[in-house]
Amino acid sequence: MSQKPTYITVPSESTGGLIEAGLEAVKRPQPHWYIVDKFFQQDQPIDWVSDAANEGRVFWLQAGEASKSLACTEKVLDWLVKRGAKRDEIVGVIGGGSVLDLGLFAASIYQRGLEKWSIPTTLLATVDAGIGGKNGVNFLGLKNYIGTIIQPDVVLSDYRILETLNAVDVLNGWMEMIKHGLIADSELWQRMKSFESIPRPQSMHALIDAAAAVKKRLVQSDEREKGLRKSLNFGHTVGHALESVAAAQKKDLPHGIAVGLGMVCSLHWSANRTSDDTNRNDLIEAANRIRHWLLLEAPEQVKSTLESSELKALWSCMQMDKKNNAQGVQEVALTKIGHAAWNQHLSFTEFANSWSSAHGTL
Ligand SMILES: NC(=O)c1ccc[n+]([C@@H]2O[C@H](COP(=O)([O-])OP(=O)(O)OC[C@H]3O[C@@H](n4cnc5c(N)ncnc54)[C@H](O)[C@@H]3O)[C@@H](O)[C@H]2O)c1
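Residues numbered from 1 in each chain as written. Predicted model: local features only at pLDDT ≥ 70, side-chain atom pairs only at ≥ 80, totals over all residues.

Regarding the overall build of the chain
How we decide: Labels follow the DSSP assignment, with helices taken as runs of H or I lasting at least four residues and strands as runs of E lasting at least two, numbered in each case from the N terminus. Restricting the calculation to C-alpha atoms gives the radius of gyration, and the globule rule supplies 2.2 Å times the number of residues raised to the power 0.38. Residues are called buried when their C-beta atom has 20 or more other C-beta atoms within 10 Å, exposed when it has 12 or fewer, and partly exposed otherwise; all C-beta atoms are positioned from the backbone. Placing C-beta atoms from the backbone, we regard two residues as in contact once those atoms come within 7 Å.
In terms of helices and strands, the chain carries 15 helices and 10 strands. Here the C-alpha atoms of the chain give a radius of gyration of 20 Å, agreeing with the 21 Å that 2.2 N^0.38 yields for 362 residues. Seen along its three principal axes, the alpha-carbon backbone of the chain occupies a region of about 60 × 45 × 40 Å. Put simply, the chain has 362 residues, and 49% of those count as buried. Of the contacts made within the chain by residues no fewer than 6 positions apart, 74% connect residues no fewer than 24 positions apart.

Spelled out as structure tokens, the structure:
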């Protein structure tokens, strides 16, 4: 890997201010500039950020896909220029995946790149988006189309900050954690599957550690996504197609529901490909468990998404997926729990069959 970030997690028993103990633990000069999710401007659970804000060193950024644009990146760059940010100064980016994607991108290109710290505040960002160095924005309606792969210098997590997340944002993170277990850590999956309902973040610190460790390991061995890192796309080809169809219908579809439904479909496809009965049963059991959590958390939204997602509309989105090659749609399959195979060709007939066995009964 081009450069190894320093990973710091604030101990859960810490009694100091959120994130603060982690800043000190890095034992290096601290960020001078901050790009921070606007959410923290109102609630201010991170006390020390308001001090930096009073000194004009914080750019407050609205979270969400609409902000992930070149126009918004330009606003951040403009702010850095006008404030006189120097090449030897550090930028700390604090927020969920959308704020980190944009903020770390801006810090990566300003004066050809400043030192930058990734400080995730959502469950999804803590186990996934905040790790791995993929920074960027959406372009011409295409998700994450412009960007860089440049590792942050520091990844600093404080799980106590996750306690204010709403149920949907916990679901979004939980689904990515499930994915990490299914593709690369069967023990993590075994621990997670025993939960009847999705626990609150304060009750799952050990699981968060394990899920983040999977992402760190995959990025460490394949930073440029030539092979192994592709397994992180498990469930995402169908998931992104569901998101695109929902967006075209002007419907809001949380990422966790889209990826959850995508993983259920890919698990059925994977089960159809194996000749080993035990593996097949394990894969179908995983699909049923994910369906259970989705229906528990968001029954109406799951049903309406399935009703309004035409198979052919999904397939045309899948044909536009940026992971495809000359052979067509490429998907990640599981050979068994904890083992993924990437660059697997998926035909329309296979997709239609696995979609109907996965979701036909809902
Ligand atoms: N770079 C990568 O490798 C990578 C990987 C996965 C996802 N992503 C990107 O991540 C984004 C999704 O990230 P996300 O799910 O974190 O969404 P997000 O950044 O939009 O945050 C979701 C919501 O949570 C709020 N929030 C943030 N921290 C909070 C806290 N501690 N308490 C309460 N509310 C809080 C935000 O204000 C926002 O309303 C997508 O744009 C996706 O493309 C990137």
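Having put the structure on the table, let's press on.
As for the sheet that holds strand E8 (residues 154–157)
Let me state the cut-off plainly: Here, a strand pair is defined by DSSP locating no fewer than two bridges between the strands. Helix axes are fitted to C-alpha atoms over the stretch in contact, other axes to C-alpha atoms as well, and angles between N-to-C directions run from 0 to 180 degrees.
The sheet built from 6 strands is open, its strands ordered E1-E8-E5-E4-E2-E3 with parallel pairing. Of all strands in the sheet, those with a lone pairing partner are strand E1 (6–9) and strand E3 (58–61), marking the two edges. Neighbour-to-neighbour, the strand axes of this sheet turn through a mean angle of 15°, independent of strand direction. Note: strand E2 (residues 33–37) against strand E4 (residues 90–95), 4 bridges, orientation parallel. Within E4, the position partnered with Trp 33 by the bridge is Val 91.

Comments concerning unusual backbone geometry
Of note, Asn 144 is a non-glycine position whose phi angle comes to about 50°, a positive value. You can see Asn 144 is positioned in strand E7 (residues 142–149). We classify Asn 144 as partly exposed; it has 15 C-beta atoms within 10 Å. Even without a glycine there, the phi angle at Glu 225 is positive, about 55°. The exposure class of Glu 225 is partly exposed, given the 18 C-beta atoms found within 10 Å.

Notes on the pairing of strand E6 (residues 134–139)
Burial of E6 is extensive: 5 of the 6 residues sit out of reach of the surface. Across 5 bridges, E6 lies against E7 in antiparallel orientation. Among the inter-strand pairings, Asn 135 is bridged to a residue of E7, identified as Thr 148.

Concerning the domain arrangement of the chain
We count it as follows: Domain delimitation in this document rests on an assignment produced automatically or drawn from a domain database.
By domain assignment, the chain separates into domain 1 (6–164) and domain 2 (167–359). Spacing between the C-alpha centres of domain 1 and domain 2 amounts to 27 Å. In this complex, domain 1 contributes 16 residues to the contact, which on the side of domain 2 involves 20 residues. Elements supplying a minimum of two residues to the side of domain 1 that touches domain 2: helix H6 (123–129) and E7. Per element, the largest residue contribution to the side of domain 1 that touches domain 2 is 5 residues, and it comes from H6.

Some remarks on the nonpolar core
Formally: For this entry, the nonpolar core is defined as buried Ala, Val, Leu, Ile, Met, Phe, Trp, Tyr and Cys residues connected by C-beta atoms within 7 Å.
The biggest cluster of nonpolar side chains holds 106 residues, and the ones touching the most others in it are Ile 35, Val 93 and Leu 242. The greatest single-element share of this core, amounting to 10 residues, is contributed by helix H11 (residues 255–273). Structurally, this core is a two-domain feature, drawing no fewer than three residues from each of domain 1 (6–164) and domain 2 (167–359). Excluding residues that lie within four positions of it along the chain, Val 93 makes contacts with Ile 35, Val 99, Leu 100, Gly 103, Leu 104, Ala 107, Lys 116, Trp 117, Ser 118 and Ile 119.

Observations concerning the site of the ligand
For clarity, the threshold we go by: Throughout this description, a residue near a molecule or strand is one whose C-beta atom, derived from the backbone, lies within 6 Å of it. Each residue gets one of three labels, nonpolar for Ala, Val, Leu, Ile, Met, Phe, Trp, Tyr, Cys and Pro, charged for Asp, Glu, Lys and Arg, and polar for the others, Gly among them.
Neighbouring residues of the ligand: 28 residues in total, closest Gly 96, Gly 97, Ser 98, Thr 122 and Ala 129. Among the elements of the structure, helix H5 (97–109), H6 and helix H7 (167–184) are those that each provide at least two residues to the shell around the ligand. A per-class count over the shell around the ligand returns 9 nonpolar, 12 polar and 7 charged. Counting residues domain by domain, the shell around the ligand receives three or more from each of domain 1 (6–164) and domain 2 (167–359).

Describing the packing of H11 against helix H12 (residues 277–297)
Selection rule: By the definition adopted for this analysis, an angle is roughly parallel if under 35 degrees, roughly antiparallel if over 145, roughly perpendicular if from 65 to 115, and oblique otherwise. By convention the crossing between two helices is left-handed if the near helix lies anticlockwise of the far one by an angle smaller than a right angle, and right-handed if it lies clockwise.
One can describe the packing of H11 onto H12 by two numbers: an axis separation of 9 Å at closest approach and a directional angle of 160°. Comparing the axis directions of H11 and H12 gives the class roughly antiparallel. Here H11 and H12 pass one another in a crossing that is left-handed. The residues of H12 that touch H11, namely those facing Ile 257, Gly 260, Leu 261, Met 263, Val 264, Leu 267, His 268, Ser 270 and Ala 271, are Arg 280, Leu 283, Ile 284, Ala 286, Ala 287, Ile 290, Arg 291 and Leu 294. Taken together, the residues that form the contact of H11 with H12 break down as 12 nonpolar, 3 polar and 2 charged.

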